[in-house]
Amino acid sequence: MVSMKKRLSVALASVLVLSSLAGCASGGSKPASGTQKQDEFQFYFTGSLNVKQLWETLIPMFEKANPNIKVKMVYIDSGSGGQSTLDRITAAKQAGQKSGDIDLYESSLSDLTKGMKNDLWAAFDKSKIPNLSKVDENNLKNLEGKGIPYRASAVVLAYNSAKVKNPPKTADELYEWIRKNPGRFAYNDPATGGSGDSFVQTAIYNFLPPEANTSQDPKWKDQWDKGFKLLKELHPSMYQKGVYPKKNQGTLDLMANGEVDIIPAWSDQGLEQISKKLLPETTKLTQISPSFTGGPTYLMAPKLSEHLDSVAKFLDFVLTPDAQTVIIQKMYGYPGIKWSEMPSKLRDEFKDVAAGYRTFNLGDLGKEVQKRWQQEVAGQ
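Residues numbered from 1 in each chain as written. Predicted model: local features only at pLDDT ≥ 70, side-chain atom pairs only at ≥ 80, totals over all residues. Heavy atoms only, no water.

1. Things to note about the overall build of the chain
Phase 1: Helix and strand counts for the chain come out as 13 helices and eight strands.
Phase 2: Relative to its full complement of 380 residues, the chain shows a buried share of 49%.
Phase 3: Working note: accessible area of the chain is about 19,200 Å², and carbon and sulfur atoms make up 50% of it. (Helix = DSSP H or I, 4+ residues; strand = E, 2+ residues; numbered from the N terminus. Buried < 20%, exposed > 50% of the residue type's maximum accessible area, 1.4 Å probe, protein only. Areas by Shrake-Rupley, 256 points an atom, 1.4 Å probe, with all protein chains shown as cover.)

Structural data, given as structure tokens:
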């Protein structure tokens, strides 16, 4: 009879032989069948804390559905160097490097167009990002597939419905309401916040042809006089006969305290503060015609990135209704895709502010408008 010790030795030898053969068949150090190598790309973005919180919610959702892709977030505090990110991408291109370790960048139309002029951005199409078909074609015009508009916001009118039963529906009606209700309207210094800047630009550019709204040609300065005449005429009817608060929040504070009844406000800020009960429960939002300004925030990928396929998968995810719902709930903004693609409950909730906006892109002319406003309106 074979001893127990001998039988154990034979069994152990068999295990070692089988293990050796398995190692040879699998190529030794290769990963197990069915696994994929993880790809990682770096995503640079800036903005307020709510932008950071948005991506801290969305990115784990994406990574859970795409375990082979890792998104490394690089958050830059608002106002502390967004331009330096564009400069880094430009410098990397000039040096013949890859992407400068930046594979995806969130920014404004201004940075998008600057990068297009310098041939920085990769062009994506619907074969890589099928959900681009859900985006309004008007928001993709002239972008050559190089910018993905993933969310938006607009300036609207915020009004106290307990005091204002029939809010203005047009710009002319708004100006007439201001004249008839002196001291009950305010807009912030346009150099300190976009809502006041939008009020000023709208008053001026409503007298100009539509193509002027997105032109940086200095010739339009010759046609600003009618708009500035209107703003000067309205000046004595403003809050405290011509006091202009600082920043967007300045006018929202006046609204919260009941000192004014109507203000221009960013849709996302207004909706968020209504939701958090920082504004009176009687506060409502509406858009006028012609509308105030607004526009998308864009996602762009440097064309020299080595991770464009992974970036495209991420962009396609961001344009899904599920991701867009998170954007609306976190940012109180407009979706990047068409409202018709969104759940009906959200469409109903946002019906008062979903009328749209006009995109203004004045470039350096915007600073010229602010300087002239300081001299002729605030300084009169």
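2. Points about the nonpolar core
Phase 1: Grouped together as the largest cluster of nonpolar side chains are 71 residues, with contacts concentrated most on Phe43, Trp55, Trp121, Leu299 and Phe314.
Phase 2: Residues contacting Phe43, with those up to four places away along its chain left out, are Trp55, Ile59, Val71, Lys72, Met73, Val74, Leu104, Tyr105, Glu106, Leu299 and Phe314.
Phase 3: Counting residues in hydrophobic clusters, the runner-up holds 35 residues, among them Ile204, Trp220, Leu234 and Phe360. (Core = buried A, V, L, I, M, F, W, Y, C linked by side-chain atoms within 4.5 Å. Contact = heavy atoms within 4.5 Å.)

3. Observations concerning the packing of aromatic side chains
Phase 1: One pass over the full model with this rule turns up 23 aromatic pairs.
Phase 2: Pairing Phe185 with Phe199 gives two aromatic rings, centres 5.2 Å apart and planes at 40°, and the pair type is tilted. Of this pair, Phe185 sits in the loop between helix H5 (171-180) and helix H6 (194-205) while Phe199 sits in helix H6, placing them 14 residues apart in sequence.
Phase 3: Judged by relative accessible area, Phe199 falls into the buried class, the value being 1%.
Phase 4: Ring centres of Trp224 and Phe228 lie 6.4 Å apart, and the angle between their planes is 55°; on these two criteria the pair is classed as tilted.
Phase 5: Phe228 sits in the buried class, given a relative accessible area of 0%. (Phe/Tyr/Trp six-rings, centres within 6.5 Å; stacked < 30°, edge-to-face > 60°.)

4. Some details on the pairing of strand E1 (residues 39-47)
Each regular strand displays side chains that alternate between the two surfaces of the sheet.
Phase 1: Of the strand pairs in this sheet, E1 and strand E2 (residues 69-77) are connected by nine bridges, and their pairing is parallel. Counted as the bridge partner of Asp39 is Ile69 from E2.
Phase 2: What joins E1 to E2 is helix H2 (residues 49-65), and the crossover it makes is right-handed.
Phase 3: Of the strand pairs in this sheet, E1 and strand E3 (residues 104-107) are connected by two bridges, and their pairing is parallel. Its bridge partner lying in E3, Tyr44 is registered against Tyr105. (Pairing = 2+ DSSP bridges. Right-handed = clockwise from strand over helix to strand, strands pointing away.)

5. Some words on the pairing of strand E4 (residues 148-160)
Phase 1: Of all 13 residues making up E4, 13 are buried, and the element is well covered by its neighbours.
Phase 2: By the bridge criterion, six bridges tie E4 to strand E7 (residues 294-300) in an arrangement that is antiparallel. Across the sheet, Ser153 pairs through a bridge with Gly295, a residue of E7.
Phase 3: Of the pairings in the sheet, the one linking E4 to strand E8 (residues 334-335) comprises two bridges and is antiparallel in character. Residue pairing in the sheet places Arg151 in a bridge with Pro335 of E8.
Phase 4: In the sheet, E4 pairs with strand E5 (residues 262-266) via five bridges, with the strands oriented antiparallel.

6. Things to note about helix H4 (residues 109-117)
Phase 1: Among the residues of H4, Leu109, Asp111, Leu112, Gly115 and Met116 are the ones counted as buried. An end-on view of H4 places all buried positions within 165° of arc, on one side of the element.
Phase 2: A positive phi of about 55° marks Asp119, the residue just after H4. (Arc of directions from axis to C-beta.)

7. Details of the layout of surface pockets
Phase 1: The calculated volume of the second largest pocket comes to roughly 670 Å³.
Phase 2: For the second largest pocket, the lining is made up of 28 residues, of which Asn138, Asn139, Pro296, Tyr357 and Thr359 are closest to its centre.
Phase 3: Looking at the lining of the second largest pocket, the elements that each hand over two or more residues are H4, E4, E7 and E8.
Phase 4: Grouping the constituent residues of the lining of the second largest pocket by class yields 14 nonpolar, nine polar and five charged. (1 Å grid on protein atoms, 1.4 Å probe; cavity = no way out; pocket = protein on both sides within 12 Å on 5 of 7 lines; lining within 4 Å. Points joined across faces, edges and corners; volume = space filled by probe spheres on them. Nonpolar A, V, L, I, M, F, W, Y, C, P; charged D, E, K, R; others polar.)

8. Here we look at the packing of H6 against helix H13 (residues 365-378)
Phase 1: In contact at an axis separation of 11 Å, H6 and H13 are set at 95° when each is read in the N-to-C sense. Between H6 and H13, the angle falls in the class roughly perpendicular. When H6 is examined against H13, the residues Asp197, Val200, Gln201, Ile204 and Tyr205 are found in contact with a partner set consisting of Leu365, Gly366, Val369, Gln370 and Trp373.
Phase 2: A breakdown of the residues in the contact of H6 with H13 according to their chemical character gives six nonpolar, three polar and one charged. (Axes fitted to C-alpha atoms, helices over the stretch in contact; angles between N-to-C directions. Parallel < 35°, antiparallel > 145°, perpendicular 65-115°, else oblique.)

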